[in-house]
Amino acid sequence: MNYTEKGSKVYLFSIVLVAVIGGLLFGYDTAVISGAEKGLQAFFMGASDFTYTDTIHGITSSSALIGCIIGSALSGFFASNLGRKKSLFIAGVFFFLSALGSYLPEFLFFDYGVPSYSLLIAFNLYRVLGGVGVGLASAICPMYIAEIAPSNIRGTLVSWNQFAIIFGQLVVYFVNFLILGDNVNPVIKAVEGVNQILNPEAAAWTTETGWRLMFVSEAVPAGLFSLLVLLVPETPRYLAMSGKDEKALFVLSRINGITNAKKILAEIKATAEEKTEKLFTYGWMVIFIGIMLSVFQQAVGINAVLYFAPRIFETMGMGNPMVQTVIMGVINILFTLLAVFTVEKWGRKPLLISGSIGMAIGAFGVALCNVVTGLPAIVSVVSIMVYSASFMFSWGPICWVLIAEIFPNTIRGAAVAIAVAFQWIFNFIVSSTFVPMYNMSVGDMGEKFGHMFAYALYGIICVIAALFVWRLVPETKGKTLEDMSKLWKKRK
């Protein structure tokens, strides 16, 4: 092999760019439901063999998250046995097949355009398949980038994966907006306890075709990702652990230059067989904190906003809710960048605590708008934006940073898998309960009670999250991964 004397940043960045498309697909797949869910609901409300309730719709809108739990649980097995590159290719294929299947769930077995309970199951299975891809990508994309990147810029490059996730959500908000065009979403309201479509003729195109096009739009980036992954190398760490030292050195030399590559390979070989310890070697508190970081990241309710943004803006009386959704996506991008560029300067805890307080203010603001009559709709919209932006510079990226840092080396693999699994489990719980909770009708307040209750609950959880971080979470800024072992031994 011809080893390179000088490393190439262009080569490195091109590899990382391919890997972060996996993050973009992660964001795209989880947020595509935001534009499609109302047309999807109207479509299945036309079924004659079952009643499509709010609870069923909540589960259907969140079914991809079941796949996320499965995918994240299997990610360690895939990455260790098939390698990082092949695992990412499999994730890309799952994204692609899910996009096609969600577009045409009738494929082979059902009549086109005839909603039924069996078709609903088929649709959900395709969404679960895409979720498995998300689960794999959520764990393996950061792992791939971390193992490819030089240590001096590893943190920055890994953090761009989180940016790609949020960018993927913005892209799909915009794509959904373009697909909807001059067409309208169905207006669905409970009349005497039964959901009805108030504008069936006006929303006919969205109900029959619109939601399908939104789902199939993902096939374009998914197909591109699957092809590009075939062109990138396997990570040097995996190659070295598989006994392919020559290939590992070749990849390292192209990134770092041959002199540095030899040093890095020697370090990799020295740690290729890390000793492992029992999960609770450092006590139960480190595992508890890792799990609760994941739980709070979801329990604050952010994905209920991201997945159902157009529905929320519509209930606020905004003219075109898809426009507000795109604006929110742009704000999310800007505030994610704030975290990327300040996490090493300000620290993890200050960002999490200030973000929790900002989210609480935003959530309580939305709740208040549903209690106090006469407030202009813009107050609710601004409150939602504050809530979302506060998450984007705090719990969104910083939770992933802390989960990667907080565990001692010897238990990191098992501990991270447990924490990420809890993240997807609570993502599913929050997303599947939002619609029935949001539409809850009580007394004279009617559905406004559900709107108020949902955001008041999320606001209270945000306050508890701030207290949790303040009292229990250690600051990891400036600490090495080895320092974490000493820290938890002292706390034990």
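Residues numbered from 1 in each chain as written. Predicted model: local features only at pLDDT ≥ 70, side-chain atom pairs only at ≥ 80, totals over all residues. Heavy atoms only, no water.

Visitor: Describe the overall build of the protein chain, with residues and values.
Guide: Check the secondary structure of the protein chain and you find 22 helices and two strands. Within the protein chain, contacts between residues at least 6 apart in sequence are counted, and of these 81% link residues at least 24 apart. As displayed, the protein chain offers around 20,600 Å² of accessible surface, 67% of which is attributable to carbon and sulfur atoms. (Helix = DSSP H or I, 4+ residues; strand = E, 2+ residues; numbered from the N terminus. Contact = heavy atoms within 4.5 Å. Areas by Shrake-Rupley, 256 points an atom, 1.4 Å probe, with all protein chains shown as cover.)

Visitor: Tell me about the packing of helix H4 (residues 64–81) against helix H5 (residues 84–103), and please be specific about residues and values.
Guide: The contact between H4 and H5 brings their axes to 6 Å, and the two run at 130°. On the basis of their axis angle, the class for H4 and H5 is oblique. In the packing of H4 onto H5, the handedness of the crossing is right-handed. Across the interface between the two elements, Phe78, Ala79 and Ser80 from H4 touch Arg84, Ser87 and Ile90 from H5. (Axes fitted to C-alpha atoms, helices over the stretch in contact; angles between N-to-C directions. Parallel < 35°, antiparallel > 145°, perpendicular 65-115°, else oblique. Left-handed = near helix turned anticlockwise from the far one by under 90°.)

Visitor: Can you break down the nonpolar core residue by residue, with the values?
Guide: For soluble globular proteins, the rule of thumb is that nonpolar side chains tend to be buried together. Counting 86 residues, the largest nonpolar core has Phe44, Leu293, Trp395, Tyr455 and Tyr458 as the members making the most contacts within it. A total of ten residues in this core trace back to one element, the largest contributor, which is helix H21 (residues 448–472). Residues contacting Leu293, with those up to four places away along its chain left out, are Leu352, Trp395, Cys399, Leu402, Ile406, Phe468 and Val473. By size, the runner-up hydrophobic cluster in this structure holds 48 residues, among which are Leu25, Leu88, Ala91 and Trp400. (Core = buried A, V, L, I, M, F, W, Y, C linked by side-chain atoms within 4.5 Å. Buried < 20%, exposed > 50% of the residue type's maximum accessible area, 1.4 Å probe, protein only.)

Visitor: Explain a nonpolar patch on the surface to me, using residue names and the numbers behind them.
Guide: Taken together, Ile357, Ile361, Leu368, Val371, Val372, Leu375, Ile378, Val379, Val382 and Val386 make up a surface patch of nonpolar side chains, about 800 Å² in accessible area. Listing elements by their share of the nonpolar patch, those giving two or more residues are helix H17 (348–369) and helix H18 (377–392). Looking at the nonpolar patch, the element that brings in the most residues is H18, giving four residues. Tracing the backbone shows Val371 in the loop between H17 and H18. (Patch = residues over 30% accessible without salt bridge, like charges linked within 9 Å, V, L, I, M, F, W, Y side chains within 5 Å. Salt bridge = Lys/Arg side-chain N within 4 Å of Asp/Glu carboxyl O.)

Visitor: Lay out the environment of Lys490 with the relevant residues and their values.
Guide: Mapped onto the elements, Lys490 comes out in helix H22 (residues 481–491). You can call Lys490 exposed: its relative accessible area is 76%. Put simply, Lys490 and Tyr282 are 208 residues apart on the chain and 9.1 Å apart in space, counted from C-alpha to C-alpha.

Visitor: How would you sum up the packing of H5 against helix H8 (residues 204–216)? Please name residues and give values.
Guide: Between H5 and H8, the least distance of the axes is 8 Å, while the angle of their chain directions is 175°. Considering the angle they form, H5 stands roughly antiparallel to H8. Between H5 and H8, the contacting residues are Ala99, Leu100, Ser102 and Tyr103 on the first element and Trp211, Arg212, Leu213, Phe215 and Val216 on the second. For the contact of H5 with H8, a count of residues per class yields seven nonpolar, one polar and one charged. (Nonpolar A, V, L, I, M, F, W, Y, C, P; charged D, E, K, R; others polar.)

Visitor: Lay out the pattern of salt bridges in plain terms, naming residues and giving numbers.
Guide: In total, this model carries two salt bridges according to the counting rule given. A salt bridge links Asp29 to Arg127; its shortest N-O distance comes to 3.6 Å. Here Asp29 is found in helix H1 (residues 9–31), whereas its partner Arg127 is found in helix H6 (residues 117–148), with 98 residues between them in sequence. Note on Arg127: relative accessible area 2%, which makes it buried. Here Glu106 and Arg212 are joined by a salt bridge, their closest N and O atoms 2.6 Å apart. Of this pair, Glu106 sits in the loop between H5 and H6 while Arg212 sits in helix H8, and the two are 106 residues apart along the sequence. Considered together, Glu106 and Arg212 belong to a single accessibility category, that of buried residues.

Keep in mind these numbers describe shape, not what the thing actually does.
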